[in-house]
Amino acid sequence: MAEVALAQPRDLPVGPLHRQGVGWWGAGTLIASEAALFAYLLFSYYYLGAVNPVGWLLEPAPDLSLALPNTALLLASSVFAWAGESGVLHRSRALALTGFGVAFVLGTIFAVIQVFEWKAKTYGLGTSSYASLYFVTTGFHMAHVVVGLLILAALFLWTVLDYFSPRRRVVVSAGVLYWHFVDAVWLFVFTTYYLTPYLGFGR
Amino acid sequence: MKAPDYRTPRVGIDSAEHQAKLYRIWETAPGVKGFFTTVDHKVIGIRYIVTAFIFLALGGMEALVMRMQLARPNMALLTPDQYNQLFSTHGMTMIFLYASPILSGFSNYLWPLLLGSRDMAFPRLNALSYWIYLASGLFLYAGFLTGNGPNDGWFNYVPNASRPFNPGLNEDFYALGMVFLGISVTVGAANFIVTAFRTRAPGMSINRLPIMVWGTLTASVANLIVVPAVSLAFFMLWMDRQFGTHFFDAAGGGQALLWQHLFWIFGHPWVYAIVLPAMGMVSDGLPVFCRRPLVGYSLVALSTVATMILGFGVWVHHMFATGLPGLGLAFFSGASIAITLPSAVAVFAWIATIWHGRPVITTAFLFFSSMILLFVIGGVSGFMTASVPVDWQLTDTYFVVAHLHYVLIGINVFPVVGATYFWFPKMSGKFLDEKLGRWNFWTMFIGFNVAFLPMHLTGLLGMPRRVYTYNDYPGWATLNLLTSVGAFIFAVGVLLFFVNVLKSLRVGAKASANPWDGPTLEWSVPSPPPAYNFAVIPTVASRHPLWESRLEEGGTVSSLDRGLLLDQGKETIATSALDAQPDMILEMPEDSYAPVVLTAGLSVLFVGLLLRNWIAVGVGAVIVAGGILAWLWPSRELREREPEVAHG
Amino acid sequence: MSNALNSSPLGYLDAAGTHAQRILPLTLYTLVISIVVCVVITVLLWLAIRRNPVDSRLAVHEVPVERGGNGLRWISVGLSISAIPLLVALVWTMMVLAAIASPPKKPALVLDITARQWWWDVHYNGERPSDAFDTANEIHIPVGQPVLVRLHAADVIHSFWVPKLSGKTDMIPGQTNQSWMQAETPGRYLGQCSEFCGYQHAHMQFEVVAQSPAEFAAWKEAQLRPAPDPATPEAKRGQELMETRCGMCHQVRGTRAGATAAPDLTHLMSRKMIASGALENTPGNLAGWIDVPQSMKPDSFMPNQDLSGQQINDELAYLETLQ
């Protein structure tokens, strides 16, 4: 008589606990898709840069005086977002609110500075393919930053409402993961537009 | 009172009270509210299937009009503009609005039943992917029906798609509509991936998944990664057209080939995504009619994944004539020849299954087995075009049109019709008429081959694609007439299929839970299944739970009658990714308006973009943002936040 | 049908040029392999279905389930056998590619062909400017000598294809692609645009005329000459009409008609076809084409002229002199 397999699990978590939950996986797939989007944007840059003659780069020596500090700001905001999640993990409402709040502020400053940078450019969307790519790529990134800011604001609000705890925090993890993703994308975009010209690409 | 964070779920057997309890928890409310808020994967699956078949019919009618124009040389039934919109809309409809959604529909309906689960991982997202599909399909057809249909072919090369050469709204409808549709595909793909890895029955380890799950999973991973490429391309096109950017025009430093690269980086994996799930349906259905398990399960599963992986590396074979350097051409030609090998694994596995089985000739079997031949014909013509020099003669002739119809109709439509005959009893509790089914099959099979087999010759005789008329060169007139006649016969066959479905829904013979004596889990629940699918979550011990006693594989057997009851709410079980060990009780969301509201917001947004009405865009964006916020608001029922602490 | 196989003007199962001749055996090889595979699979499928017949009165669930034989060998043997013709095709492909992909190092003739919606602008290069000339839609080449074609596109993507002489190469705005052809036998070879390019893609054909070197030289000499002065009053009126109306788009060397948006008509009557291969070059067709081009090639860029009967006669009288 063959043995019957019968699953009799004990003490299963009910709903998402800690970081485990289908919602986290869902955020992961969304991030994968958006990451692919940026990969294709950067592919377009490298492709057009390679087939166009020298002079395609409208800024052979891109100005880093705004972009570099701005990058640091964004990285710092990720640290604060991580701190915010840490606050939820360790039941410190103060740390959580500070983390999300400061991350939100830093992210907003990043966005404002970026807008200033756009306005200071001597070229516009329709100037050339380089310009079009620059504005559309950083523009898409900006859109993701705005979404991330809305997420941080929501996390802030929900923390005020005492929604989370060390066990019930998958929403926080997913949201903070998204913010880290926005940060990581920026590193790639920054490197491509601001650093590779110094390394010789397009020159 | 705080609900417990952990629970040992009760194990038991089914009973009338248990079913009644589950019914109350899972059943969608009737009426208009239920219609718009349901998240039941079976309802969503059927909606996908019905909508996709409607688009199939529309695309088919577009084809028939074209075949009337092309039946004789130099006919003037259509103007060039009308013809161009017809062939472009036909391609768009079939490839985007039929071929993928039909497979999403079957997968949506079947997956939880195949996997032993009560729903997909993200039921609301499931509803959203359908509503967006419907809305974007209507958006795209609004263009066509107002004389502004796409007119540059389904792959839409620039600069012909750019503003100077295409000033009307045609390309704006197509570009924005495709970005809109892309959202549906992406969220659908995310749902399939997470479902496959997280919500299976206990014991359904990765090597016990039905091949259809492998097929749709592979297609979903691919879609997740490549849909952004085409969405970006269409977005860039829309920007070039509306905002004067220079992605594609040479004068501004752009490149026409950038479009082709981005499009085909998406396009080639896409064509595998619209056949691999269908191949999975054949791999799961054919063995039932051969009364034995599939030969070479592991190889077939692996070859599914291998085909898709290789499929990422062949896109340039759509661009062999564009003047790329020889080394690149050689690489892509080699990869394109190599990719025939993993595809061939499935063909041999199927033939072996029939050979070593006892085939019972039913209509489903006829569709599943005939597709093997059509697959091979389409595959070899693909092999011919994989060789660069040969492609330099074959490409852009009717030879390629023959090839693509053999692979698309042979590896998507025929399996889909077979799948309908196979799973219709499960979905409706009735059989499709077998006698009418034979007529259906033979008219489709004969009509299709009369239409498209001679087309290989038409192509070898040099007739170019996408021409609204042609001269009376030797052979062309006869071959085109033959194709047109075949097309109409094929259309009659498709009509017979629809008639069979409609008729059988009313008066079909009653079907039991397992009318075909099939091996997989969907046949262990009633036909049609109740809203909650499984009263008792099964524990799976093999690939063929319902055949275990017959196959005598030894070892453990599955438990179908006794298992997790999961009746403390709207619940299903989550399991680990590879071994399917239960690791969480998942609380599932109730029916919700959020998906349809979000779709409405997106529709307003996209119409606003089309008409450049920025107020509408703003309104749409606000609705979307609000909708998402409401949707993602942490819910106590779903255990996304702590409940309030009771006072006193 | 075998007649059709060899006489379809755009068919490529017979080749008259070196480029196409090198491709043809590989095409036939892959075609034969493909047909053989289809026949074999059909036979196997048929045998597989017929092998273990089941009583047709039995329903599916009445036929017992059995594990059946291990069929894995089908896959291993099938793959192994399939791999061989694939490998041959792979190697042969690389060999042909290496042989024909590069244009000739020392072409006898260099042509710059610019595709426009919906005609072919052909420029013959010469060592001196006085040796260069433009023509349209009918390309003459000397037999047995390699001809380099540089391919340009003025508006959208087109594709240059003369099936009996060589495979296709796309013409893409913003880049110059190269192809080559070498006719081995004299004759007229039809060409077709092979990338969808808008309304009249269907009527964008051209002819390549391969002639003996002597005939080619004579043709070239004639093409270099400007248009003669009209002799008759009708022809004079026709020339005036040409200069004031047609000259908005067309060029006739030796007159004041000097625009380049449309085909060069200096030697219009030396061509067999007009309207980019859409019509035979007969007086009737010519008259219709000039007056109501939209009825013959709808949505092309030549507007209807609304000419009187006498204007048409005068025009034809003048055009007759453009040999």
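Student: Quick one: what's the story with the overall build of chain C, residue by residue and with numbers?
Tutor: Counting secondary structure elements, chain C contains eight helices and twelve strands. Against the globule reference of 20 Å for 323 residues, chain C gives a C-alpha radius of gyration of 27 Å, more extended than a compact globule. Oriented by its inertia axes, the alpha-carbon framework of chain C measures out at about 95 × 50 × 40 Å. Every one of the 323 residues in chain C was classed for burial, and the buried ones make up 41%. Here the analysis covers contacts within chain C between residues at least 6 apart in sequence; of these, 64% occur between residues at least 24 apart.

Student: Break down the overall build of chain A for me, with residues and values.
Tutor: When you go through chain A residue by residue, the secondary structure sums to five helices and one strand. Counted from the first residue to the last, chain A has its helices and strands arranged as β-α-α-α-α-α. Taken over C-alpha atoms, the radius of gyration comes to 21 Å for chain A, far larger than the 17 Å a tight globule of 203 residues would show. Taken along the three principal axes of its C-alpha coordinates, chain A extends 75 × 55 × 25 Å. Across the 203 residues in chain A, those meeting the buried criterion constitute 40%. Considering only intrachain contacts with a sequence separation of at least 6, the fraction spanning at least 24 residues in chain A is 82%.

Student: Give me the interface of chain C and chain B: which residues, what numbers.
Tutor: Counting residues at the interface gives 79 residues for chain C and 80 residues for chain B. Elements with a minimum of two residues in the side of chain C that touches chain B: α1 (2-7), α2 (18-51), α3 (72-100) and β7 (166-171) of chain C. Partitioned by chemical class, the residues of the side of chain C that touches chain B number 44 nonpolar, 27 polar and eight charged.

Student: With reference to specific residues and values, describe the sheet that holds strand β1 (residues 109-116) of chain C.
Tutor: Sheet strands pair by backbone hydrogen bonding; their relative direction is either parallel or antiparallel. All names here are of chain C. Strand order in the open sheet formed by five strands is β3-β2-β1-β5-β8, with mixed pairing between adjacent strands. For this open sheet the edge positions go to β3 (133-136) and β8 (177-181), each flanked by a neighbour on one side alone. Between one strand axis and the next, the sheet turns through 25° on average, direction left out of account. Relative to β8, strand β5 (residues 147-153) is paired through five bridges, and the arrangement is antiparallel.

Student: Which residues make up the interface of chain A and chain B, and what values do they have?
Tutor: Taken together, the contact pairs 50 residues of chain A with 59 residues of chain B. For the side of chain A that touches chain B, the residue count by class is 32 nonpolar, 13 polar and five charged. Alignment of strand β1 (residues 12-13) of chain A against strand β1 (residues 6-7) of chain B, held across two bridges, turns out to be antiparallel. Each residue of the ladder has a partner; that of Leu12 of chain A, found in β1 of chain B, is Arg7 of chain B.

Student: Any details on the environment of Ser104 of chain B? Residues and values, ideally.
Tutor: All names here are of chain B. For Ser104, the position within the fold is in helix α4 (residues 80-115). What makes Ser104 buried here is the crowd of 29 C-beta atoms within 10 Å. A C-alpha to C-alpha distance of 13 Å links Ser104 and Leu125, two positions 21 residues apart in sequence. Apart from the residues lying within four places of it in its own chain, the contact partners of Ser104 are Tyr48 and Gly188.

Student: Give a description of the pairing of β5 of chain C that names residues and reports values.
Tutor: Residue and element names in this part refer to chain C. Side chains Val147, Val149, Leu151 and Ala153 project from β5 onto a buried face, and the interleaved Leu148, Arg150 and His152 project onto a face without burial. Where β1 and β5 come together, seven bridges link them in parallel fashion. What sits directly across from Leu109, in β5, is Val147.

Student: Describe helix α5 (residues 123-145) of chain B, listing the residues and the values that go with them.
Tutor: All names here are of chain B. If you check α5, its first and last C-alpha atoms are 33 Å apart, about what 23 residues at 1.5 Å a residue would give, namely 33 Å. Buried residues dominate α5, accounting for 18 of its 23 residues. At the C-terminal side of α5, Gly147 shows a positive phi close to 75°.

Student: Describe in detail the packing of helix α16 (residues 434-460) of chain B against helix α17 (residues 476-507) of chain B, supporting the description with residues and values.
Tutor: Residue and element names in this part refer to chain B. Running from N to C, α16 and α17 cross one another at 155°; their axes reach a closest spacing of 7 Å. Classified by the angle their axes make, α16 and α17 are roughly antiparallel. Judged by the sense of rotation from one axis to the other, the crossing of α16 with α17 is left-handed. Residues that form the contact of α16 with α17 fall into these classes: 21 nonpolar, ten polar and no charged.

Student: Run through the nonpolar core, naming residues and quoting values.
Tutor: Within the largest apolar cluster, 340 residues are counted, with the highest numbers of intra-cluster contacts made by Ala233, Leu262, Phe266, Ala349 and Ile351 of chain B. Among the elements that line this core, the one with the most residues is helix α7 (residues 211-243) of chain B, at 22 residues. Of the domains in this structure, domain 1 (18-54 + 70-99) and domain 2 (109-217) of chain C are the two that each give at least three residues to this core. Excluding residues within four positions of it along the chain, Leu262 of chain B makes contact with Tyr40 of chain A together with Ala229, Val230, Leu232 and Ala233 of chain B.

Student: Explain the domain arrangement of chain C to me, and be specific about the residues and the numbers.
Tutor: Residue and element names in this part refer to chain C. Under the domain assignment used here, chain C contains domain 1 (18-54 + 70-99), domain 2 (109-217) and domain 3 (233-319). With four residues of domain 1 at the contact, the number on the domain 2 side is nine residues. Residues that form the side of domain 1 that touches domain 2 fall into these classes: two nonpolar, two polar and no charged.

Student: Describe the confidence of the model for chain C, with residues and values.
Tutor: Residues and elements named next belong to chain C. With 98% of its residues at a pLDDT of at least 70, chain C reaches an overall mean of 94. Looking across chain C, the model is least confident in α1, with a mean pLDDT of 59, and most confident in strand β6 (residues 158-162), with 98. Note on the complex model: pTM 0.97, ipTM 0.97.

Student: Got a sec to walk through helix α12 (residues 340-355) of chain B? Specific residues and values, please.
Tutor: Because an α-helix packs 3.6 residues into every turn, residues spaced three or four apart end up facing the same way. If you check α12 of chain B, its first and last C-alpha atoms are 22 Å apart, about what 16 residues at 1.5 Å a residue would give, namely 22 Å. Extensive coverage of α12 of chain B is indicated by the burial of 15 of its 16 residues.

Student: Could you give an account of the environment of Ala600 of chain B, naming the residues involved and the relevant values?
Tutor: All names here are of chain B. With respect to the helices, strands and loops of the structure, Ala600 is situated in helix α19 (residues 594-611). Residue Ala600 is classed as partly exposed on the basis of its 17 C-beta neighbours within 10 Å. For the pair Ala600 and Asn156, spaced 444 residues apart in sequence, the C-alpha to C-alpha distance is 28 Å.

Student: I'd like a rundown of the sheet that holds strand β10 (residues 205-211) of chain C, residues and numbers included.
Tutor: All names here are of chain C. On the basis of which strands lie adjacent, the open sheet formed by three strands has the order β4-β10-β9 and mixed pairing. Looking at strand neighbours, the two that pair on one side only are β4 (138-142) and β9 (187-192), the edges of this open sheet. On average, adjacent strands in this sheet sit at an angle of 25° to one another, irrespective of strand direction. Judged from the five bridges that link them, β4 and β10 form a sheet pairing that is parallel. When the bridges of β10 are listed, Ile139 appears paired with Val208. Where helix α4 (residues 213-224) meets the sheet, it contacts β4 and β10, and its direction lies at approximately 135° from that of β4.

Student: Requested: an account of the packing of helix α3 (residues 93-120) of chain A against helix α4 (residues 129-160) of chain A, with residues and values cited.
Tutor: The description of two packed helices rests on the angle between their axes and on the distance between the axes. All names here are of chain A. Contact geometry of α3 with α4 gives a least axis separation of 9 Å together with a crossing angle of 155°. Put simply, α3 runs roughly antiparallel to α4. For the pair α3 and α4, the crossing hand works out as left-handed. Where α3 abuts α4, its residues Arg93, Ala96, Leu97, Phe100, Gly101, Ala103, Phe104, Gly107, Thr108, Phe110, Ala111 and Gln114 lie against Thr138, Met142, Val145, Val146, Gly148, Leu149, Leu152, Ala153, Leu155, Phe156, Thr159 and Val160. Residue classes in the contact of α3 with α4 are distributed as 16 nonpolar, seven polar and one charged.

Conventions and cut-offs
The written sequence of each chain sets the order in which its residues are numbered from 1. A letter from A marks each chain and a number from 1 marks each ligand, given out in the order of writing. Local features in this predicted model are restricted to residues whose pLDDT is 70 or higher, and side-chain atom pairs enter the listing and the counts only when it is 80 or higher, whereas totals over whole chains, interfaces and linings include all residues. Strands are runs of DSSP state E lasting at least 2 residues, helices are runs of H or I lasting at least 4, and numbering of each runs from the N terminus. The atom set for the radius of gyration is the C-alpha atoms, and the globule formula is 2.2 Å times the number of residues raised to the power 0.38. For the exposure call, what matters is how many other C-beta atoms sit within 10 Å of a residue's own: 20 or more marks it buried, 12 or fewer exposed, and in between partly exposed, using C-beta atoms placed from the backbone. What counts as a contact is two residues whose backbone-derived C-beta atoms lie within 7 Å of each other. Lys, Arg, Asp and Glu make up the charged group, whereas Ala, Val, Leu, Ile, Met, Phe, Trp, Tyr, Cys and Pro make up the nonpolar group; the residues left over, Gly among them, are polar. In this description, strands pair whenever DSSP reports at least two bridges between them. Axis geometry follows a simple rule: fit a line to the C-alpha atoms, using only the stretch in contact for helices, then measure angles between N-to-C directions, giving values from 0 to 180 degrees. Take the number of residues in a helix, subtract one, and multiply by 1.5 Å to get its expected span. Orientation labels follow simple angle bins: below 35 degrees gives roughly parallel, above 145 gives roughly antiparallel, 65 to 115 gives roughly perpendicular, and whatever is left gives oblique. By the definition used in this description, the sense in which the near helix is turned from the far one sets the handedness, with an anticlockwise turn below a right angle giving left-handed and a clockwise turn giving right-handed. Among buried residues, those of type Ala, Val, Leu, Ile, Met, Phe, Trp, Tyr and Cys that are joined through C-beta atoms within 7 Å form a set called a nonpolar core. Segmentation of the chain into domains, including their bounds, is taken from an automatic or database domain assignment. For every residue, the predictor assigns a confidence score, pLDDT, that lies between 0 and 100.

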